[in-house]
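One letter stands for each residue in the lines below.
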Amino acid sequence: MAETQQNGIHIRPFRSEDRQAWEPLWQGYLTFYKTSLTPEVTETTWQRLLDQAEPMHGLAAVLDGRVVGIVHYLYHRSTWTVGNYCYLQDLFTSEEARGRGVGRALIEAVYEKAQADGASRVYWLTHETNTSAQALYEKVAARSGFIQYRKVF
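Here is what the cut-offs are and how they apply
Residues numbered from 1 in each chain as written. Predicted model: local features only at pLDDT ≥ 70, side-chain atom pairs only at ≥ 80, totals over all residues. Heavy atoms only, no water. Salt bridge = Lys/Arg side-chain N within 4 Å of Asp/Glu carboxyl O. Buried < 20%, exposed > 50% of the residue type's maximum accessible area, 1.4 Å probe, protein only. Axes fitted to C-alpha atoms, helices over the stretch in contact; angles between N-to-C directions. Helix = DSSP H or I, 4+ residues; strand = E, 2+ residues; numbered from the N terminus. Parallel < 35°, antiparallel > 145°, perpendicular 65-115°, else oblique. Left-handed = near helix turned anticlockwise from the far one by under 90°. Contact = heavy atoms within 4.5 Å. Nonpolar A, V, L, I, M, F, W, Y, C, P; charged D, E, K, R; others polar. Phe/Tyr/Trp six-rings, centres within 6.5 Å; stacked < 30°, edge-to-face > 60°. Pairing = 2+ DSSP bridges.

## What to know about the pattern of salt bridges
Piece 1. Considering all chains together, one arrives at eight salt bridges under this definition.
Piece 2. The partner of Arg12 in a salt bridge is Asp18, with the nearest N and O atoms 2.6 Å apart.
Piece 3. What makes Asp18 buried here is its relative accessible area of 5%.
Piece 4. The shortest N-O distance in the salt bridge between Arg98 and Glu95 comes to 3.0 Å.
Piece 5. A residue is classified by how much of its surface remains accessible, and Arg98, at 40% relative accessible area, is partly exposed.
Piece 6. Overall, the relative accessible area of 62% leaves Glu95 in the exposed class.

## Brief notes about the packing of helix α1 (residues 19-32) against helix α2 (residues 39-50)
Piece 1. Where α1 contacts α2, the two axes come as close as 12 Å, and the packing angle between them is 125°. By the criterion of interaxial angle, the relationship of α1 to α2 is oblique. Here the hand of the crossing between α1 and α2 comes out right-handed. Of the residues in α2, those in contact with Arg19, Trp22, Glu23, Trp26 and Gln27 of α1 are Thr42, Glu43, Thr45, Trp46 and Leu49.
Piece 2. Looking at side-chain class alone, the contact of α1 with α2 contains four nonpolar, three polar and three charged residues.

## Here we look at the packing of aromatic side chains
Piece 1. Scanning all chains against the criterion turns up twelve aromatic pairs.
Piece 2. On the basis of an interplanar angle of 10° and a centroid distance of 6.0 Å, the ring pair of Trp26 and Tyr29 is categorised as stacked. Of this pair, Trp26 and Tyr29 are both found in helix α1, three residues apart, which corresponds to roughly one turn of the helix. For the pair formed by Trp26 and Tyr29, the shared burial category is buried.
Piece 3. For the ring pair Tyr85 and Tyr123, a centre distance of 6.1 Å and an interplane angle of 75° mean the geometry is edge-to-face. Remark: Tyr123 occurs in strand β6 (residues 121-123) and Tyr85 occurs in strand β5 (residues 85-93); sequence separation between them is 38 residues.
Piece 4. Judged by its relative accessible area of 29%, Tyr123 is partly exposed.

## Here we look at the pairing of strand β3 (residues 56-63)
Regular strands show a simple pattern: their side chains alternate between the two faces of the sheet.
Piece 1. Counting buried residues in β3 gives eight out of eight residues, a clear majority hidden from the surface.
Piece 2. Neither face of β3 is open: one carries Met56, Gly58, Ala60 and Val62, the other His57, Leu59, Ala61 and Leu63, and all of them are buried.
Piece 3. Examined bridge by bridge, strand β2 (residues 9-13) and β3 share five bridges and lie antiparallel to one another. Across the sheet, Ile11 pairs through a bridge with Ala61, a residue of β3.
Piece 4. Across eight bridges, β3 lies against strand β4 (residues 66-76) in antiparallel orientation. Opposite Ala61, over in β4, you have Gly69 as the bridge partner.

Shape descriptors only; they carry no functional weight alone.
Set out below in structure tokens:
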């Protein structure tokens, strides 16, 4: 993906040297959703985000020289389209970057990348109580009306 810049927010793919900036944002995201993961899962996730052979990707939002936001997304097949779907899995911005357009810039960067890669849609989930994120999501996408069910193993 070409790097983009809007409103002083620089969006670019992760680099190996971003690990120290990425991990506190990743942990902040997990804390927000009241969950934790083992160090092995965190390490595997980071390695996948850097591996060009993986269908999992990540972007950093840089503001004033600091990584202040992250997004992870992945591609998968669908029985409903020829092109892949793009699942925007994780989106998080630092507290001090909120309200400055960082989340929107990250979402729009995923849209740009997914479209360039031939995906037929970008979609994501959020918790029903995450009303501040929903205020943004209502401006940049349409609510699908579907309800998620799952069984964890």
